[in-house]
Amino acid sequence: DNSLGAVGSTGSLVNLLTNLFIGLSVGVNVLVARYYGSGQKDNLHDTVQTAVTLSVILGIVVAIIGFVFAPIFLEWMKLEGEILRLASIYLRIYFLGMPAVMLYNFGSAILRAIGDTRRPLIFMIISGVVNIGLNLLFVIKFQMNVAGVAIATVISEAISAVLVTICLIIEDNIIHFDIHHIYINKNILLKILQIGLPAGFQ
């Protein structure tokens, strides 16, 4: 009961801390669609490079904030005793997977912007199946409790992030991500924030 309560109690906090940043992927989606549709190859390439780089940086920032301040946030939510201890364990491990969450969301936003909705869905299905399987393995067989649930989630998120990143790297068209030339274009970044921040705040 305590374990279920601990995991369930973190939902609103996770959404609060991550949805603002994931909302920025809306900005990526809009810009990629705009530049792809108008044939602005240079701006499109800058958007892809900026989006992927930004997703990793944001993921690391959110992971650090979440890992360090998770117990404090949970105390503000009036959690205490065993539920607080278990929720802190779960949340800290969960937040370590934030770079993967951001990378998947920004990468899938790029693919969806050019009309490719199939591959992001396939990657998410694979991730979901792996998550279920690892939950059963870690919780039932290895008795890892909330830590097992969190680790299973992080691994499944990492798989979806890796798949979408490989997809962008091997693309030979204008949404190709050049892993050897990573950078952030300031003008593109400002446009992503201009469009994405309102979506995140909402």
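1. Remarks on the overall build of the protein
Then, number 1: The secondary structure content of the protein amounts to nine helices and zero strands.
Then, number 2: If you list the helices and strands of the protein from N to C, you get α-α-α-α-α-α-α-α-α.
Then, number 3: Relative to a compact globule of 202 residues, whose C-alpha radius of gyration would be 17 Å, the protein shows 18 Å and is just as compact.
Then, number 4: Sorting the 202 residues of the protein into buried and exposed places 46% on the buried side.
Then, number 5: A separation threshold of at least 6 residues defines the contact pool for the protein, and within that pool the share at least 24 residues apart is 81%.
Then, number 6: Per element, the accessible surface of the protein, about 10100 Å² overall, is 66% carbon and sulfur.
Then, number 7: Averaging the coordinates of the 11 positive side-chain charges in the protein and doing the same for the 11 negative ones gives two points 3 Å apart.

2. Thoughts on helix α4 (residues 41-76)
Since the α-helix turns once every 3.6 residues, residues separated by three or four places project in the same direction.
Then, number 1: At F69, α4 shows its largest kink, close to 60°, and the proline P71 lies no more than four residues downstream.
Then, number 2: With its phi angle positive at about 70°, K78 sits one or two positions after the end of α4.

3. Remarks on the packing of aromatic side chains
Then, number 1: If you walk through the whole model with that rule in mind, you get four aromatic pairs.
Then, number 2: Among the aromatic residues, those joined into a ring-pair cluster are F69, F73 and W76.
Then, number 3: In this arrangement the basic side chain of R92 is found over the ring face of F67, its NZ or CZ atom lying 4.9 Å from the centre.

4. Considering the packing of helix α2 (residues 11-22) against helix α6 (residues 98-113)
Then, number 1: One way to put it is that α2 packs onto α6 with a least axis distance of 10 Å and a crossing angle of 35°. Between α2 and α6 lies a crossing whose hand is right-handed. Contacts between α2 and α6 involve T18, F21 and I22 from the former and M98, V101, M102, N105 and F106 from the latter.
Then, number 2: In the contact of α2 with α6, the residues fall into six nonpolar, two polar and no charged.

5. A closer look at the pattern of salt bridges
Then, number 1: The final tally for this structure, using the stated rule, is three salt bridges.
Then, number 2: Two residues, D116 and R119, come together in a salt bridge whose shortest N-O distance is 2.5 Å.
Then, number 3: Overall, D116 belongs to the buried group, its relative accessible area being 14%.
Then, number 4: Residue R119 is joined to E171 by a salt bridge in which the shortest nitrogen-to-oxygen separation is 2.6 Å. Here the residue R119 occupies a position in helix α7 (residues 118-141), and E171 occupies one in the loop between α8 (145-170) and α9 (186-201), the gap between them amounting to 52 residues.

6. Notes on the environment of K191
Then, number 1: Position of K191 among the secondary structure elements: in helix α9.
Then, number 2: By relative accessible area, which is 33% here, K191 ends up partly exposed.
Then, number 3: Spatially, the C-alpha atoms of K191 and T47 are 9.6 Å apart, while their sequence positions differ by 144 residues.
Then, number 4: Excluding its chain neighbours within four sequence positions, the residues that come into contact with K191 are L31 and Y35.
Then, number 5: A polar contact is formed between the side chain of K191 and the side chain of Y35, at a distance of 3.1 Å.

Basis of the calculations
Residues numbered from 1 in each chain as written. Predicted model: local features only at pLDDT ≥ 70, side-chain atom pairs only at ≥ 80, totals over all residues. Heavy atoms only, no water. Helix = DSSP H or I, 4+ residues; strand = E, 2+ residues; numbered from the N terminus. Rg over C-alpha atoms; globule rule 2.2 N^0.38 Å. Buried < 20%, exposed > 50% of the residue type's maximum accessible area, 1.4 Å probe, protein only. Contact = heavy atoms within 4.5 Å. Areas by Shrake-Rupley, 256 points an atom, 1.4 Å probe, with all protein chains shown as cover. Lys, Arg positive; Asp, Glu negative; His and termini not counted. Charge placed at Lys NZ, Arg CZ, Asp CG, Glu CD. Bend = angle between axes of the 7 residues up to and from the residue. Phe/Tyr/Trp six-rings, centres within 6.5 Å; stacked < 30°, edge-to-face > 60°. Lys NZ or Arg CZ within 6 Å of the ring centre and 35° of its normal. Axes fitted to C-alpha atoms, helices over the stretch in contact; angles between N-to-C directions. Left-handed = near helix turned anticlockwise from the far one by under 90°. Nonpolar A, V, L, I, M, F, W, Y, C, P; charged D, E, K, R; others polar. Salt bridge = Lys/Arg side-chain N within 4 Å of Asp/Glu carboxyl O. Polar contact = N/O pair within 3.5 Å; in protein donor to acceptor, adjacent residues only side chain to side chain.

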